[in-house]
Amino acid sequence: MTEVRPRAAASTSLWERDAEIAAVTETLDLLCADRSSSGNVLVFRAEAGLGKTALLAETRRIAERRGCTVWSTRGGETLRSVPFNVVRQLLQPALVSLMPEEAREYLGDWYDIAGPALGIADPGDRQADPQGVCDGLVAAVRRLAKREWPLVLLIDDAHWADQETLRWLAAFTERLDDLSVLVVVARRPGEVSGESARHLDAVAAAAGCPVNNLNALTPDASAGLTRATLGRHADAPFCREVWAVTGGNPYETVELLAKVQDSELDPVEAHADELRRLNRSARGGGLVARLESLGIDATRFAWAAAILGSGITVDLVAQLATMSVEDAQRCAELLCAARILTEPDPSVRSGDGDLEFVHPLIASAVYNSIPEALCTAMHGIAAQVVTEFGRGAAAASRHLLQVHPDDDEELVEQLREAAREHLAVGAPDAARRCLERALLEPPLPDVHARVLYELGCATLLTAPAVTIDHLQSALGMPGLTGDQRVDAVFRLSQALIHNDQLEEAVRTVEAEAARREPGPARMRLQAVHYMWEGIRGESLTPGRSERLADLAATCTGRDNSERALLILRGFEAMAHGESAEEVVELCDRALVNGRLAPGLSWTDTEWGLELLMMLGSSYAYTDRLDRAESLFSEALRVYTRAGWSGGHLALANAYLGLAYRRQGRLRDAETVLRESLRLAERVGRGLPLYWSATCGLVDTLLARGHVDEAWSVAEQYGFHPPYPSTIVLPDTRSVRGRLLLALGRTEEGVNELEAAEKTAVARGGHNPMLAPWAVDLALALAATDPSRAAQLAGDACRQAERFGTDTAIGEALRCAAALETGQRAVRLAAQAVAHLEASPCQYEHAAARVEYGIASRSVAELNRGMALASSCGADGLVARAREALDTWRGVD
């Protein structure tokens, strides 16, 4: 039989891994060739014991010989509930080498966002946005990687990594095109599900080559390994039995051969039947029996080490196992000699400790051997020990989650504190687990509702439907009083809105307000009630506008409840097309010295961002575009600085895009709207913020004249009925109708615009700039129904005069001019130019110039319009103007 030998430099665990090592070598060559080389991902997948860890160790050796910086870590089966555990250990070499001021310098604005998750900065006083923390970690590692080129990241047992680390890893590996980093991931198949599985699939998709699936050793390789370990005199029957007993599993083969050496068994056929007995002692029940044979103290020590999972120190284990430090040290030495524990490999970061298990299979076998009742009790003691060692409530919570419910009031408070710590670093799932466990205890009756409230708050950003259940339950029992109850009602209404249950959100707030005596709490609830009604899409409560107007008339802006009512009244007046001057006056009264009032800023949670979006929108559609841009730019800065890069940042970009679109800065609008849509995709389709981003982008692309691209975006992102129940800016039906008309699908476009008309009637009126369906519908009907087109154009002019902005009047005159011919068309077009020249909306001004130039056959006017359109990025208008000029030259 031919012996199969590994490469000379390879360890005994690397037999038949030449192809995988070649892939590693080739990838490292590319990484080290040029600092500008793009990054890469390698994924090795195999069942337990097939050599993933050995392959990563060899990767480290090859990389270090090439001068690479290598950071490595591994997941742990009992540590999956510890958020950011694996990424913290991965970055430990870089973090411990930096002084605090150096870390702040390298991480920049991301220090306060990612620092708490990495354990190098204190958390802030607000709940961290998990998406923002993930983005901060990506940015932090990218910055550190540029300092450490060429950098190799090794992540072993990724199937056991915590969900927060896997989320970061998926995001990081998607952004390696411009970063010279090699990421090598080893994992078992299966083992994970849900979000963790999705993240691991994303990592595999980012790999530059297919996943490498490791196979068991062949009989020839097993024979070669046996002879390399025991000597060339090992005969063929003995070698075949080694392979048959271990199934070609490299780890089991190495362990079995070590047992053969320990027992001084001669490797010949006569002793082959001893192999199965020896193999049983190296795994499962045999390993447990071997552990027990070392004595009760050593067994207790191993159990305590398995309970801790990471950060295994002799002192900590001694306290957990209730033995002296001297006895604990003796047990540690005994277990190391038995190849159950070992000193940590300094190159692999799995936790700060003196010891670790030789292999994850051993750690799992020891943990699973602990009697269930004793395991539960030891976790309880471990929580206390970890707390006494100063590791904090969050670190202790991993153990508290394993303790049986027992009406323990103190445990409930510990879990609540741990949840607060998890939320502060951006780990809401970990907080949710703590609070759900606290409910099982259960809490005392007067605490139960508060735990449910905290649980609802913890899941608001990630699971609105779950939040609804928890907050409804909390409000249905005693315990929530005063401002906390009002806040719970507000958060419940927010969750209902995010879950597209607008009608129920309105009813919930209305019912709570009706139960309240007159005062600040009731006024806040009334303001929230009017806010949700203000964004309701199809119909309004009879008399609502009059009641809101009467209530707002009594407000001077002395507190935030009054300021909220002024904003709501201003937004409604704007949406209904009432006097723009009065709208601006109402909005200005809601500010303090021209700025947002304390407690009413973008990151204050008492009111939410919807109110401020209404304020900025009111300015945007009343031609106060400088104020709108200032507000939305501030939102973008504040959310970016705070690390809120989920839905909040998506909306900030969407509404800044709205301001840019209104100004005529079409290229800038497209850029921020695409970023908004990218962020919205991460939050989830179907939410109002997603519609705002998509609708705004389609509207901007149409203004630019990029009709095919607008249609592609609409198709890709589902911009079609059914629409959300909330108002979306710009108006969805108007934009969809304009898109269909631009595509030549006139009948469908008319139907969409007529549906927009019905919606406007149901709402009690409309602003011709907010929902410009009338103008587009008039132009679409000009040839087939001229009388109705004229009526629509006349109504648009009257509504524009009532609203009173130059933009509204100019747009209405553009429509009227398009329906006329001869000198009347020229006069109306000239009037449109005069109004739009005075407005801040440069795209509409450019369009009016081009149309006036065509109507009057003025080359000078057409050139002015073309220059203005070009500065806006309105390629369609430029092409139209050039076509007209070319036609005139041809005729002349």
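All of these numbers come straight from a predicted model, not from anything done at the bench.

Further remarks concern the overall build of the protein chain. Looking only at helices and strands, the protein chain features 44 helices and seven strands. Its C-alpha atoms give the protein chain principal-axis dimensions of about 115 × 75 × 50 Å. With 892 residues in all, the protein chain has 57% of them scored as buried. Considering only intrachain contacts with a sequence separation of at least 6, the fraction spanning at least 24 residues in the protein chain is 68%. Summed over all atoms, the accessible surface of the protein chain reaches about 35,600 Å², with 50% contributed by carbon and sulfur. Positive and negative side-chain charges of the protein chain, numbering 91 and 125 respectively, have mean locations separated by a distance of 3 Å.

Time to look at the pairing of strand E4 (residues 181-187). Counting buried residues along E4, seven of its seven residues qualify, which places the element largely inside the surrounding structure. Burial of the side chains of E4 extends over both faces: Val-181, Val-183, Val-185 and Arg-187 are buried on one face and Leu-182, Val-184 and Ala-186 on the other. Two elements, strand E1 (residues 40-45) and E4, share six bridges in a ladder whose sense is parallel. The residue bridging Asn-40 from the neighbouring strand is Leu-182, located in E4. With five bridges connecting them, strand E3 (residues 151-156) and E4 associate as parallel partners. Bridge pairing in E4 places Leu-154 opposite Val-184. With helix H7 (residues 163-173) bridging E3 and its parallel neighbour E4, the resulting β-α-β unit is right-handed.

What follows concerns the sheet that holds E4. Taken in spatial order, the five strands make up an open sheet running E2-E3-E4-E1-E5, and their pairing is parallel. Whereas interior strands pair on both sides, the edge strands pair on one side only; in this sheet they are strand E2 (69-74) and strand E5 (212-213). Here two bridges tie E1 to E5, and the two strands are oriented parallel to one another. Considered in E5, the bridge of Arg-45 is made with Asn-213. Seen against the sheet, helix H1 (residues 18-33) touches E1, E3 and E4 and runs at an angle of roughly 165° to E1.

Viewed as axis vectors pointing N to C, helix H26 (residues 520-534) and helix H28 (residues 560-575) meet at an angle of 20°, and their least axial separation amounts to 9 Å. Judged on the interaxial angle alone, H28 and H26 are roughly parallel. Like other packed secondary-structure pairs, H26 and H28 cross with a definite hand, here left-handed. Between H26 and H28, the contacting residues are Pro-520, Met-523, Arg-524, Ala-527, Tyr-530, Met-531 and Gly-534 on the first element and Ser-561, Glu-562, Ala-564, Leu-565, Leu-568 and Phe-571 on the second.

Here we come to a negative patch on the surface. A surface patch of negative charge is lined by Asp-406, Asp-407, Asp-408, Glu-409, Glu-410 and Asp-446. Note that Glu-409 resides in helix H20 (residues 409-424).

What follows is about the pattern of salt bridges. Throughout the structure, instances matching the rule amount to 56 salt bridges. Arg-595 is paired through a salt bridge with Glu-634; the nearest N and O atoms lie 3.7 Å apart. Here the residue Arg-595 occupies a position in the loop between helix H29 (580-589) and helix H30 (610-620), and Glu-634 occupies one in helix H31 (residues 625-642), the gap between them amounting to 39 residues. Residue classification places Glu-634 among the buried positions, given a relative accessible area of 17%.

Right, let's talk about helix H34 (residues 688-704) for a bit. Here H34 is 17 residues long and its end C-alpha atoms lie 24 Å apart, about the 24 Å a rise of 1.5 Å per residue gives. With respect to burial, H34 is a largely interior element, 16 of its 17 residues being buried. A positive backbone phi angle near 90° is found at Gly-705, which sits one or two residues after H34.

Taken as a whole, the protein chain shows an average pLDDT of 89; of its residues, 95% reach a score of 70 or greater. Element-level pLDDT for the protein chain is lowest in helix H13 (residues 284-292), with a mean of 73, against a maximum mean of 97 in helix H35 (residues 707-716).

Attention shifts here to the state of the cysteines. Tallied over the entire structure, the rule returns zero disulfides. For Cys-587, which is in no disulfide, the shortest distance to another cysteine sulfur is to Cys-555 and amounts to 13 Å. On the basis of relative accessible area, Cys-587 is assigned to the buried category, the value being 0%. Summary of cysteine pairing: Cys-797 is not part of a disulfide, and the nearest cysteine sulfur, belonging to Cys-815, is at 7.2 Å.

Cut-off values and rules
- Position labels on residues start from 1 in each chain and follow its written sequence.
- With pLDDT at 70 or above as the cut-off, local features in this predicted model cover only qualifying residues; side-chain atom pairs require 80 or more to be listed or tallied, and sums for whole chains, interfaces and linings still use all residues.
- Hydrogens and water molecules were not included; the side-chain quantities draw on all heavy atoms of the structure.
- Each helix is a run of H or I in the DSSP string that is no shorter than four residues. Each strand is a run of E no shorter than two, and both are numbered from the N terminus.
- A simple rule labels every residue: compare its accessible area, found with a 1.4 Å probe on the protein chains alone, to the largest value its type can have, and call it buried under 20%, exposed over 50%, or partly exposed in between.
- By the convention used here, residues are in contact when the closest approach between their heavy atoms is within 4.5 Å.
- Method for areas: the Shrake-Rupley scheme with a 1.4 Å probe, in which residue coverage is limited to the protein chains shown.
- Counting rule for charge: Lys and Arg are taken as positive, Asp and Glu as negative, and neither His nor the chain ends is counted.
- In plain terms, the charge of a residue is placed at NZ if it is Lys, CZ if Arg, CG if Asp and CD if Glu.
- Pairing between strands is defined by DSSP: at least two bridges between them are needed.
- With strands facing away from the observer, any crossover in which the path from the first strand over the helix to the second runs clockwise is taken as right-handed.
- Axis angles are defined between N-to-C directions and span 0 to 180 degrees, where every axis is a line fitted to C-alpha atoms and, for a helix, only to the segment in contact.
- An angle counts as roughly parallel when it lies under 35 degrees, as roughly antiparallel when it exceeds 145, as roughly perpendicular when it falls between 65 and 115, and as oblique in every other case.
- Crossings are assigned a handedness: left-handed for a near helix turned anticlockwise from the far helix by less than a right angle, right-handed for a clockwise turn.
- A patch consists of residues exposed above 30% relative accessible area that lack any salt bridge, with like charges linked at up to 9 Å and nonpolar side chains (Val, Leu, Ile, Met, Phe, Trp, Tyr) linked at up to 5 Å.
- Only one rule defines a salt bridge in this text: a Lys or Arg side-chain nitrogen within 4 Å of an Asp or Glu carboxyl oxygen.
- One fewer than the residue count of a helix, multiplied by 1.5 Å, yields its expected span.
- Note: pLDDT gives the predictor's confidence per residue, expressed from 0 to 100.
- Count a disulfide wherever a pair of cysteine sulfur atoms falls within 2.5 Å.

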